[in-house]
Amino acid sequence: MKKYVLRRILVAIPSLLIASVIVFSLPRLLPGDVVQLMLEEKAYGKDLEELREKLGLNRPIYIQYWEWLGRVARGDLGESLWTRRPVVEELLRRLPVSMELGLLALFFAIVIALPIGVLAAVRQDSASDFIARSLAILGLSVPGFWIATLVVLLPAIWWGWSPPIQFTEFSKDKWAHISQFLLPAFILGIASAAAIMRLTRAMLLEVLRQDYVRTAWAKGLREAVVVSKHSLKNAIIPVVTVLGIQIAQILGGTVIFEQIFGLPGMGRFLFDAINQRDYPVIQGVNLIIVSVVVGMNLLVDAMYAFLDPRIRY
Amino acid sequence: MANHVGTLDAPRTLRAPAGPLRVLGALWRFCRAKPLGAIGGMLVLLMIGMAVFANWIAPYAYDETIRGARMKAPGAQFWMGTDNLGRDIFSRVVYGARVSVTVGFGAVLLANFLATVIGITSGYFGGKYDICVQRVVDAWQSFPFLVVILSIMAVLGPGMLNVILALGVLGAAAASRVIRGATIGIIQNQYIEAARALGAGHIRIMCRYVFPNVTATIIILATIGLGGAILAESALSFLGFGVPPPYPSWGAMLSGSGRSYMYTAPWMAIWPGAAISLAVFGFNMLGDALRDLLDPRLRGAGGGRIR
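Residues numbered from 1 in each chain as written. Chains lettered and ligands numbered in written order. Predicted model: local features only at pLDDT ≥ 70, side-chain atom pairs only at ≥ 80, totals over all residues.

So, on to the overall build of chain B. The secondary structure content of chain B amounts to 11 helices and zero strands. Counting only residues that meet the buried cut, chain B has 47% of its 307 residues in that class. (Helix = DSSP H or I, 4+ residues; strand = E, 2+ residues; numbered from the N terminus. Buried ≥ 20, exposed ≤ 12 C-beta atoms within 10 Å, placed from the backbone.)

It is worth spelling out the interface of chain A and chain B at this point. The interface of chain A with chain B comprises 50 residues on the first partner and 41 residues on the second. Those elements that place two or more of their residues in the side of chain A that touches chain B are α1 (2-25), α6 (127-141), α7 (144-159), α8 (174-208), α10 (223-261), α11 (266-276) and α12 (279-307) of chain A. (Contact = placed C-beta atoms within 7 Å.)

We now examine the environment of V169 of chain B. All names here are of chain B. Mapped onto the elements of the fold, V169 is located in helix α7 (residues 160-186). For V169, a count of 17 C-beta atoms within 10 Å puts it in the partly exposed group. Remark: the alpha-carbon pair of V169 and N189, spanning 20 residues in sequence, is separated by 31 Å.

Within the secondary structure, V280 of chain B sits in helix α11 (residues 267-294). The spatial distance from the C-alpha of V280 of chain B to the C-alpha of R177 of chain B is 23 Å, given a sequence separation of 103 residues. Sequence-distant contacts of V280 of chain B, defined by excluding residues within four places in its chain, comprise S141 of chain A together with G227, I230 and L231 of chain B.

On to the packing of α7 of chain A against α10 of chain A, then. All names here are of chain A. Contact geometry of α7 with α10 gives a least axis separation of 10 Å together with a crossing angle of 15°. Taken together, the axes of α7 and α10 are roughly parallel relative to one another. When the axes of α7 and α10 are compared, the crossing they make is right-handed. Each of G144, F145, A148, T149 and V152 in α7 lies in contact with α10, whose residues at this interface are G253, I256, F257 and I260. A breakdown of the residues in the contact of α7 with α10 according to their chemical character gives six nonpolar, three polar and no charged. (Axes fitted to C-alpha atoms, helices over the stretch in contact; angles between N-to-C directions. Parallel < 35°, antiparallel > 145°, perpendicular 65-115°, else oblique. Left-handed = near helix turned anticlockwise from the far one by under 90°. Nonpolar A, V, L, I, M, F, W, Y, C, P; charged D, E, K, R; others polar.)

What follows covers the packing of helix α5 (residues 127-141) of chain B against α7 of chain B. Residues and elements named next belong to chain B. Where α5 meets α7, the axes come as close as 9 Å, and the angle between the chain directions of the two elements is 135°. By the angle between their directions, the pair α5 and α7 is classed as oblique. In terms of crossing hand, the pair formed by α5 and α7 is left-handed. Residues V137, W140 and Q141 of α5 form the contact with α7, whose own contacting residues are A173, A174, S176 and R177. Here the residues of the contact of α5 with α7 are counted per class, giving four nonpolar, two polar and one charged.

The next point concerns the confidence of the model for chain B. All names here are of chain B. Confidence in the prediction of chain B, expressed as mean pLDDT, is 80, and 87% of residues score 70 or more. The low-confidence segment residues 300-307 (pLDDT under 50) makes 34 contacts with residues lying over four places distant or belonging to another chain. Scoring the predicted complex yields pTM 0.81 and, for the interface, ipTM 0.78. (pLDDT = per-residue confidence, 0-100.)

Structure below.
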C-alpha cells in the first residue's frame, strides 16, 4: 500500500513538470503584446523597452522559465501585471470560493448518481432503468450554461424571483453564503452525475453477474445485502477512478458558472486574466488548477488501493 | 490477383446481397435493435441537412435586420421570434447548424487522426517510447478541458479554424488512451506474430493488421466525440472565444449583448440552447447504440465532457 502510493507520487512528478512547461509557455504565445497594451492603457513606464525590462520579459524564455520555477518552489507566483498585487494573495482569496463550488457540485453529483445508478442496474430494462438512462444521456447533452441561463431567466419572468447574483461573505451571513452556492453547484453537478450514474450502472451490471453474487443469492441473503454489501463494494472501484476526471471537469466548469452567478472564484479570475493577457495570473491559476487535479488524482489512486487490496502497481 | 499455374482458387464464400439492399437491411436491423439510436441518427441527419441546405431552409439571411421586427414573439411569420436586432431567430438557428457541424466534424477528424497515430504507435512499440508519450498525455489530461481550451483560444484568437485546431488537439489525448488500450490487446494476437514471422515491417503491421482492428473503436470514439465537440464549441462561443459575430453560433446566441434583452424576449434564450441539446443528444444516442452493437467492451468509456 505504502509502496503503491509512493510509486504513484513518483509518476505524478514528471506529469506535473511537463504541465508546468505547458503552463509557463502557453500565455507567452498570446497574440498581442501585453507590454504594448499596458503602456497604452495604464502608462506604467516611459517606453516599451523600459517596461519590458521592468517586467523581466526581455530575457531569454528558458531563463524566465527557470527563474519562474524557482520562485514557484518558494511559493511566489509573481504579481499581477495589472493590479501589481501578489498572485498568491489573490488566489488564496479566490480558491476557497471555487473549491466550495466544486466540492458541493461533486457532492450533488455523487448523491444523485449513486442511488439512481444502482436502481437502474438492479431493475435492468425496467421502466425506471429506461428513464434513468435517458435522463443520463440528456444530462450529458444539455449544456450547463444553458440550464444556468434559464434558471436565472425563467423564474425572474414568471415570479419576479431570481437567484442572488451579489456575493455574500461567509462571515457576514452564513446562510446567504451557503445558499448562493446551492443552485450553481447543483447545475454544475448534473453532467458529472450523468457520467457517474452511467458508469455505476454499467459496473454494477457486470458485478451482478458474477459467481459470488449468485452464491450470495443462494445463501438466501436479502436483496439489500446482496446489492450493497456484495456487489456495490466491488462495482464502485472504477467509479472512484472516474471521480478524478470529474473533478477536473467540474473545475473547468467553474469558469462558466462563476461568470453567470457572479461568484468571485478562480474561474472568473482566469477568464478576466485571459482577456487582459495577465501572464502571471494565467500561469498562477493554471498551475493551481493542475496541482489540485493531480493531487486529487493521487488521492483517488490511494483510495483505489485502499478499496481494492488486490491492486498492486 | 492472377492465378499462377498450380495454385488453387481460394474457396468462395456466399456473398450477402451487395449494394443498396445490403445497406438498407443493415439499417433496418439497426432500427429494430436500437430504436433510441435510430432516433439519435435521425436527429443527426436532421442537423446535417439543416447545415447543408441552410440557404434553402432559412426564410431570411442570418444577419438580415428586419425593419420593425425587434424582439417579436414567435408566431406565423417568425417561427422562433426575432432578437434584439430584429433578426429572425429560426434562420439563425438553421445557419448555426453549419458552425456546429463544421467544427464538430473538423475537430473530431483531427482528434481521431492524431489519437490513432499516437495510440497505435504507443501501444505497438511500448517500452520507453510508450512511457514518455503516456506521461505527456497524462499532463495534457490533468488540465481541465475548458481551462486549456480557453488558454489555447486566447493564443490562437477567435475563428472557426482555430476552434477546430484547439478542440482537435485537445480531444486527441483521451481518445489516444482508448486506442492504445485496444492496440495492446490486438498485438497479443497470433496473427500479428504470424505477420512478423512473414517479415512484415512495423509500419506494415500497424497499417494492415492493427489499424483495421481498431476502426470500430475509432468510429465509436468519433461519434461520441462529435457530441462533445459541439458542446465544447458552444461553450467557447458562449464565453466569446468561438466563431466571431455576426455569423451565428448557437453558443454565442445565448451570450453577449443579447443577454440583457432575454428578460423581455425569453425565446432568444430558449431556441439556441434547445438546438445544442438536441444535436448533442442525437450524437450521444447514436454513439451509445453503435458502441453497444460494435464494441460492448467500451461501455463506460467516453463519459467525459465539458459543460
